[in-house]
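Understanding the architecture of this molecule
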Amino acid sequence: MHFLFVAIGGVIIGILSGFILVWLRSSIAFRMAQPETTIIPISLLTPFAVYFMAETWHTSGILAVVATGIVHNWESSKLKLTSTNVQLTQTTVWQTFSNILNSIVFLILGISLPTVFHEIARIGLNVTIQLIGLASLIYLTMFIVRFIWARYEDNKSSEHFFGPRHAPQHNFYSRVFAISGVHGTVTLSMAFSLPTHIGHQPFPYREQLIIVATAVILISMIISAIALPLMLPAQVTSYTPDELNQTRNDMVDFATLQMRRIISDHDQREIVTAQLQSQKGWHQITDRETIKNNYQSLLTDTQNFISDYLHSDQVTTHYQVEVINAYQKIITRFDANHQRLSLGRMRLLKRITHRLAKSLKHTTWHLGHRQFTKKQKQLARQKWLTQHADKQQQWADMKSGLLALNDEVINAVDHYLDDVLANNIANNHTENQHIDFVRRDLDRYFTLIRRDYSKNTPVIASTVYIEAFQAEYNFIQDQVKQGKIPATMASLLYTEINQAQTLQLQQAEQLEGLGDQ
C-alpha cells in the first residue's frame, strides 16, 4: 500500500502540477510583450519545484517530474504558432540542458560501474547471471511493448512517424523505433535515490536493483549500436559540402546585388552588403592564394577604371584640370600591399612601421619649427594663413572640388564592381569574395579622402533586411524549381536564412530602441 501511495501519488501530483504550470505559462505567453524572459526561468525551475512538492507529500519526486514532462507536451499543441519566439527559445534552452543532463547521467553511470563490478564480485557468479537474465527479460519486454505500440497504434501521429499501418515500411520503422534509444536512465536514477537504510536496517536488494538498471542500460546501448547500422541503409547525401557552400555563396551574391541596386545611400548600401556577405563565413576561405590573386587582379582593373573615369568627358567637362590631377595623385597612393589579404604578421609589421615613421616625421617637423604646445601650433597656423590669405579661397575651391569628385568616383566604382559581380553571377562564378574585399578596401580609402571620421552608423530599417532575406528565399525557390539543388539542401538553407533574419531583426530592433532613447 505504501508503494502504491508513493508511485501513484507522485504521478497524480505531477499531472496536476503540470496542468497548473502549463496554464500559467500559456497565460503569460498570451499577455506579456516579451514572455520568454519570464517563461524560460519558470520552465527551468518547474522540475525542481515539482520534485520537492512531491517529496514534501512523501511521494515519488522522480515520477512526478516525469508525469509533468508528459503534460508539458500539451503546451506546445496549445500554443501552436502563437508565441513562436517563446517556443523556439524554450526548445533551444531545453535541448542544451537535456544534452548536459544526459551527459551527467552517463557520467554517473561510468563512475558507478566500479562499484557495480565490486558488488558483482561480492554476490557471486550465479546471482549475477540471474540479474543479467532479469535485465535481459526487462529489455525484451520493453522491446515488445514498444514494437506493439508502434505497430498497432492507429492515430495521425503514429502514421506520421511510421507510415500507414498496411505500408511495407511500417513494420520496419516499428522495429527501428523499438531498438533505438537508451533505456533505463530514469530507472537507474530511481535506484540511486533509494535509501541505503530503512527502519535502521539495510535497504533490501538495493545493490541488486542498481545492477539490474545498469545492465538494462548497457544492453540497450550495445544492441542498438550493433543492430541499427545493420538494419538501416547507408546514409546517402544528395549534395556535398562544396555544393552547399557554392549554392550559399550564389544566394548571398544574388541578394547582395539585388539590394545594391535598390538602396541609393552609399553608407547604408555598404552596411547591408557587409551584413549579407557575413553569411558566407570566413571559414569557407580555403584557397587563399587564388583569392589573393583575384583580389590583386580586380584591384588593378578597378584602379585602371578610376584612371579612365577621371579622364572621361563626364569628369573633364565639370572639374578643373588641377582638381583632376590632384585627385589622381591622391588615388595613386592607394597601396595594395597594405590591404586585407596581406599575411597577418607582415601586415601588422608594415602598419606599425608606417605609423612609427609617420609619427617620427611629424615630431621632427614640430621640433624643427619649435612648435611644442597646442597654443604654439595655433599661433603658427594663424600666421601661415595670414601670409597665404590670397590662396585660401583657391584651396577651399580645390577641397570642395576634390570632395565632389570623390563622391562621383565612389558611385562610379560601386556601379563598376556591381557589374563585375553581376557578370560573375551570370557566368556561374561562385567565388566572389575578392570583390567584397576590393569594395571594402577602396571604400575605406575613399572615406579617408573625405576625412569622414564620424562614428555614427546609419540605422538600417528592418524592412530593408526583410527584403534582402526575401531575395535569398526567392533565389532558393528558383533553384529548386529548376532542379538545380535538392530539397534537402533547400531546407537547410531556408533554416539558415530564417535564423539569420531572426538575429538581424533582433539587432535592428535593439538599435532602433537605443535610437528612441
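Look up: the structure comes first, before these words.
Within any chain, residue numbers begin from 1 and follow the written order of that chain's sequence. A pLDDT threshold of at least 70 governs which residues receive local features in this predicted model, and a stricter bar of 80 or more applies before side-chain atom pairs are shown or counted, although totals over entire chains, interfaces and linings include all residues. In computing side-chain values, all of the structure's heavy atoms are included and hydrogens and water are not.

**Considerations on the overall build of the protein chain**
Looking only at helices and strands, the protein chain has 20 helices and two strands in total. Throughout this description, buried means an accessible area under 20% of the type-specific maximum (1.4 Å probe, protein chains only), exposed means over 50%, and partly exposed covers the range between. Expressed as a percentage of its 517 residues, the buried residues of the protein chain come to 34%. By definition, residues are in contact when any of their heavy atoms lie within 4.5 Å. Relative to all contacts within the protein chain whose residues are 6 or more apart in sequence, the contacts with residues 24 or more apart total 75%. Each accessible area is a Shrake-Rupley result for a 1.4 Å probe, and residues are judged covered by the shown protein chains and nothing else. Working note: accessible area of the protein chain is about 32,800 Å², and carbon and sulfur atoms make up 61% of it. Helix and strand labels come from DSSP, where a helix needs a run of H or I of at least four residues and a strand needs a run of E of at least two; each type is numbered from the N terminus.

**A short note on unusual backbone geometry**
Positive phi outside glycine occurs at Tyr-205, with the angle close to 65°. Position of Tyr-205 relative to the elements: it lies in the loop between strand E2 (201-202) and helix H9 (206-231). Backbone geometry places Asn-428, a non-glycine residue, at a positive phi of 60°. Residue position: Asn-428 is located in the loop between helix H17 (392-426) and helix H18 (433-450). In this structure Asn-428 comes out as exposed when scored by relative accessible area, which is 64%.

**Considerations on helix H14 (residues 321-331)**
Residues of H14 that are buried: Val-323, Ile-324, Tyr-327, Gln-328 and Ile-331. Projected onto a plane normal to the axis of H14, the buried residues spread over an arc of 135° and lie on a single side. For H14, the exposed residues set more than 90 degrees away from the buried face come down to Val-321 and Lys-329. By definition, the arc is the one covered by directions from the helix axis to the C-beta atoms.

**Digging into the packing of helix H12 (residues 288-310) against H14**
Every axis in this analysis is a line fitted to C-alpha atoms, fitted for helices over the stretch in contact. Angles between the N-to-C directions lie between 0 and 180 degrees. Close contact between H12 and H14 brings their axes to 11 Å; oriented N to C, the two are set at 175°. By the angle between their directions, the pair H12 and H14 is classed as roughly antiparallel. Facing H12, whose interface residues are Ile-306, Ser-307 and Leu-310, H14 presents Ile-324, Tyr-327, Gln-328 and Ile-331. Grouping the constituent residues of the contact of H12 with H14 by class yields five nonpolar, two polar and no charged. In these notes the angle categories are as follows: under 35 degrees is roughly parallel, over 145 is roughly antiparallel, 65 to 115 is roughly perpendicular, and the rest is oblique. Note that Gly is not counted as nonpolar here; it falls among the polar residues with everything else outside the nonpolar set of Ala, Val, Leu, Ile, Met, Phe, Trp, Tyr, Cys and Pro and the charged set of Asp, Glu, Lys and Arg.

**Brief notes about a nonpolar patch on the surface**
Taken together, the side chains of Phe-106, Val-182, Leu-218, Met-221, Ile-222, Ile-226 and Leu-230 present a nonpolar region at the surface, about 620 Å² in accessible area. For the nonpolar patch, the leading source of residues is H9, giving five residues. Along the chain, Met-221 turns up in helix H9. Residue classification places Met-221 among the partly exposed residues on the basis of a relative accessible area of 32%. Candidates for patches are residues over 30% relative accessible area with no salt bridge; among them, like charges are joined within 9 Å and nonpolar side chains (Val, Leu, Ile, Met, Phe, Trp, Tyr) within 5 Å. Any Lys or Arg side-chain nitrogen located within 4 Å of an Asp or Glu carboxyl oxygen qualifies as a salt bridge.

**Let's talk about the packing of helix H10 (residues 241-262) against helix H11 (residues 266-277)**
Contact geometry for H10 and H11: axes closest at 10 Å, N-to-C directions at 170°. Comparing their axes, H11 and H10 come out roughly antiparallel. Along the contact surface, H10 presents Val-252, Asp-253, Ala-255, Thr-256, Met-259 and Arg-260, while H11 presents Arg-269, Glu-270, Val-272, Thr-273, Leu-276 and Gln-277. A per-class count over the contact of H10 with H11 returns five nonpolar, three polar and four charged.

**Side note on the pattern of salt bridges**
Under the criterion given, the structure shown has 10 salt bridges. One network of salt bridges, with partners in common, ties together Arg-260, Arg-269, Glu-270, Asp-414, Asp-418 and Arg-439.

**A closer look at the environment of Ser-238**
Counting through the fold element by element, Ser-238 comes out in the loop between H9 and H10. Each C-alpha atom of the pair Ser-238 and Met-489 lies 8.0 Å from the other, and the pair is 251 residues apart in sequence. Not counting the four nearest positions on each side in its chain, Ser-238 is found in contact with Glu-243, Pro-486 and Thr-488.

**Re the packing of aromatic side chains**
Any Phe, Tyr or Trp ring, taking Trp's six-membered ring, that has another such ring centre within 6.5 Å forms a pair; planes under 30 degrees apart are called stacked, those over 60 apart edge-to-face, and the others tilted. Here the structure, examined in full by the defined rule, presents nine aromatic pairs. When the ring of Phe-254 is compared with that of Phe-475, the centres are 5.3 Å apart and the planes differ by 35°; the resulting orientation is tilted. With Phe-254 in helix H10 and Phe-475 in helix H19 (residues 462-481), this residue pair connects regions lying 221 residues apart in the sequence. Look at Phe-475 and you get buried, because its relative accessible area is 11%. Grouping aromatic residues by their ring pairs yields a cluster made of Phe-305, Tyr-309 and Tyr-416. Placement of a positive charge over a ring is assigned whenever Lys NZ or Arg CZ falls within 6 Å of the ring centre and within 35 degrees of the normal to the ring plane. Here Arg-146 stacks its cationic end above the ring of Phe-177, 4.4 Å away from the centre of that ring. Positioned over the ring face of Tyr-152 is Arg-151, at 5.2 Å from the centre of the ring.

**Structural notes on the environment of Thr-273**
Secondary-structure assignment places Thr-273 in helix H11. The spatial distance from the C-alpha of Thr-273 to the C-alpha of Thr-256 is 5.8 Å, given a sequence separation of 17 residues. For Thr-273, the residues in contact, after removing those within four places along its chain, are Thr-256, Arg-260, Asp-436 and Arg-439. In protein, a polar contact requires one atom able to donate a hydrogen and another able to accept it; more generally it is a pair of N or O atoms within 3.5 Å, and residues adjacent in sequence count only if both atoms are side-chain atoms. Of the polar contacts made by the side chain of Thr-273, one reaches the side chain of Arg-260; its length is 2.9 Å.

**Re the side chain of Glu-472**
Mapping Glu-472 onto the fold places it in helix H19. As used throughout, the charge tally considers Lys and Arg to be positive and Asp and Glu to be negative, leaving His and the chain termini uncounted. Although Glu-472 is buried, it forms no salt bridge, and the closest oppositely charged side chain is Arg-248 at an N-O distance of 8.9 Å. Only 3.2 Å separates the side chain of Glu-472 from the side chain of Gln-279, close enough to count as a polar contact. Look past the residues within four positions of Glu-472 in its chain and what remains in contact with it is Met-251, Val-252, Ala-255, Leu-276, Gln-279 and Ile-497.

**With respect to the nonpolar core**
What makes a nonpolar core is a set of buried Ala, Val, Leu, Ile, Met, Phe, Trp, Tyr and Cys residues whose side-chain atoms join them at distances within 4.5 Å. Membership of the largest hydrophobic core comes to 32 residues, with the highest contact counts inside it found for Tyr-327, Leu-405, Val-409 and Phe-446. Of all the secondary-structure elements, those providing two or more residues to this core are H12, H14, H17 and H18. The leading source of residues in this core is H17, at 11 residues. Among residues more than four places away in sequence, those in contact with Leu-405 are Leu-310, Val-315, Tyr-319, Val-323, Ile-324 and Tyr-327.

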